[in-house]
Amino acid sequence: MTKILIIGGGAAGVMCAAGLRAKDATTEIILVEPKNYFELVLFAFRTPFDEDDRDTALEPLRPWAVKHNIRLIHSIVTKLTPTSADLADGQTIEFDLCMVATGAGSQWTACGRGPTAPASMEERKAQLKLEGDRLVNAESVLIVGGGLIGCELAGEIAYTQKKRLGKTNKITLVQSRPHLCAETDDSVGDWIQRKLEAKGVKVIVNDKVIESDDGKFVTKNSGVELDASEVVHTTGLRPVNSFMDAKFLNDKGWIEVDDYFRVKGAGGTVFAIGDCCALLYSSFAQIQGNLDTIVANMDATMSKVKSGATADASLEADADLQAKLKKHEVAPSGYFVALGKDDGVFNIGWFTTQWIFPWFKNTKMIGMIMGMTAPKCEVLRDAHVKAVRSSDEGVLGVVMV
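All of these numbers come straight from a predicted model, not from anything done at the bench.

Trainee: I'm lost on the sheet that holds strand β14 (residues 209–211) in this one. Help?
Mentor: Two strands in a sheet stick together by hydrogen bonds in their backbones, pointing the same way (parallel) or opposite ways (antiparallel). Sheet architecture is open: three strands sit in the order β14-β15-β16, paired in antiparallel fashion. A strand with exactly one partner marks an edge of an open sheet, and here the two such strands are β14 and β16 (225–226).

Here it is in structure tokens:
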């Protein structure tokens, strides 16, 4: 029997596994994931503060795996070759095709990224609640990093403090770039800054935070001492791929893939998608826009494998296979920046608004995305609102973000 190994049970891994199963009912599909749950880390800025959102954003993986006839192994890959993977529990899994979808880790543990998150769903929920209570009840919070995560976290803390405590305590957000949310242009960043400041958040841009010898936090350029009874670092995602040979990584540590999501130099049998690889930015939207492409490419490659091809340079350069593969496409990336449950900014290209789309993220999106075990779901793809009714049991619903 042919075998596909998928490493990582986040959005990319789960979505592609379901897509591959729909294409091929007989190939064995194995998903290796240390946690027993799926978490929508997209909402990690909110789940520490709201029990209902925690319950919605986390779902057990086992029922989904059973419905899709996917073998689920709770472990971590320690070494990967073009034909096999060694696991931390001592197993070695040989495969015909592999997809790496391990994502990237964050310095802020509550972000839920990487293999260090709690293994059980109940432990994870407890960790999130503890983190939320810590930040809401803090006399002062310093957030280092003014990207999407930092801005949304600052807005959520301010909103929750106002709701629970009747006031906003000291919250400081420091961004090393000239404006917040560097993924957008300066006018959008300035708009986000004004909204945060209106909520009582102190915003400092074009500066960095350093810790002095006496344990105090100060800005590097201006030397201003910052109030910081609690500190959260939201800077710098790091790829989770320590099990990969260095020859498959670029100089910054990200997995190098070609235009078809194949890991360069791996013989054409190892694919990668999402935050672990170097091909696309804003990966949640890009996974969504390229899901059909990577599934079709893996399916076409599997057909070659079933006809006798093996992992080597000849498979990677096979002209007949090459003609069947689809190149990736850069999907439009829309940025929903929620600033508490009552405010936010949406930007895509030249269009920016504080209406409708922020409201959608604050009230509807989390529930629509989490369609993992539902018999029917609505799938929002690319930049279009296109409802797709699933006739299959247990399809994961996703939305552009």
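Trainee: Sorry, what's going on with helix α1 (residues 11–23) here?
Mentor: Helix length check: α1, at 13 residues, gives a terminal C-alpha distance of 18 Å against a target of 18 Å (1.5 Å per residue), a fit within 8%. Counting buried positions over the 13 residues of α1 gives 10, a clear majority of the element. Those residues of α1 that sit buried are Ala11, Ala12, Gly13, Val14, Met15, Cys16, Ala17, Ala18, Leu20 and Arg21.

Trainee: Sorry if this is basic, but what is going on with the nonpolar core here?
Mentor: General note: in soluble globular proteins, nonpolar side chains tend to be found buried as a group. Within the largest apolar cluster, 71 residues are counted, with the highest numbers of intra-cluster contacts made by Trp64, Met99, Ile192, Leu196 and Ile294. Sorting elements by how many residues they give to this core places α1 first, with eight residues. Apart from the residues within four sequence positions on either side, Leu196 is in contact with Cys151, Ala154, Gly155, Leu173, Leu180, Val201, Val203 and Leu339. Counting residues in hydrophobic clusters, the runner-up holds 24 residues, among them Ile7, Val77, Leu87 and Ala272.

Trainee: Just checking my understanding: could you explain the pattern of salt bridges for this structure?
Mentor: Side-chain pairs of opposite charge can arise whenever the charged atoms involved come near each other. Considering all chains together, one arrives at 20 salt bridges under this definition. One salt-bridge network, held together by shared partners, links Lys304, Asp318, Asp320 and Lys324.

Trainee: Quick question: what am I supposed to make of the packing of aromatic side chains here?
Mentor: For any pair of aromatic rings, the description consists of the separation of the ring centres together with the inter-plane angle of the planes. For the structure shown, the criterion picks out four aromatic pairs. Seen in terms of ring centroids, Phe43 and Phe45 are 6.0 Å apart; in terms of plane orientation they differ by 25°. Their pairing is stacked. By the burial criterion, Phe43 is buried, and Phe45 matches it. One aromatic cluster in this structure is built from Phe336, Phe346, Trp350 and Phe351.

Trainee: Looking at this structure, I do not really get the side chain of Thr219. What am I missing?
Mentor: In this structure, Thr219 sits in strand β15 (residues 217–219). Residue classification places Thr219 among the buried positions, given a relative accessible area of 1%. For Thr219, the side chain forms a polar contact with the side chain of Ser222, separated by 2.5 Å. Only 2.8 Å separates the side chain of Thr219 from the backbone nitrogen of Val224, close enough to count as a polar contact. Aside from chain neighbours lying at most four places away, what touches Thr219 is Ile204, Asp207, Lys208, Val224 and Leu226.

Trainee: Is there a simple way to explain the packing of helix α4 (residues 121–136) against helix α5 (residues 148–165) in this structure?
Mentor: The packing of two helices is summarised by the inter-axis angle and the distance between the axes. Close contact between α4 and α5 brings their axes to 9 Å; oriented N to C, the two are set at 75°. It follows that α4 is roughly perpendicular to α5 by the angle criterion. Residues Asp133, Leu135 and Val136 of α4 pack against Leu153, Ile157, Thr160, Gln161, Arg164 and Leu165 of α5. A per-class count over the contact of α4 with α5 returns five nonpolar, two polar and two charged.

Definitions and cut-offs
Residues numbered from 1 in each chain as written. Predicted model: local features only at pLDDT ≥ 70, side-chain atom pairs only at ≥ 80, totals over all residues. Heavy atoms only, no water. Pairing = 2+ DSSP bridges. Helix = DSSP H or I, 4+ residues; strand = E, 2+ residues; numbered from the N terminus. Expected span 1.5 Å × (residues − 1). Buried < 20%, exposed > 50% of the residue type's maximum accessible area, 1.4 Å probe, protein only. Core = buried A, V, L, I, M, F, W, Y, C linked by side-chain atoms within 4.5 Å. Contact = heavy atoms within 4.5 Å. Salt bridge = Lys/Arg side-chain N within 4 Å of Asp/Glu carboxyl O. Phe/Tyr/Trp six-rings, centres within 6.5 Å; stacked < 30°, edge-to-face > 60°. Polar contact = N/O pair within 3.5 Å; in protein donor to acceptor, adjacent residues only side chain to side chain. Axes fitted to C-alpha atoms, helices over the stretch in contact; angles between N-to-C directions. Parallel < 35°, antiparallel > 145°, perpendicular 65-115°, else oblique. Nonpolar A, V, L, I, M, F, W, Y, C, P; charged D, E, K, R; others polar.

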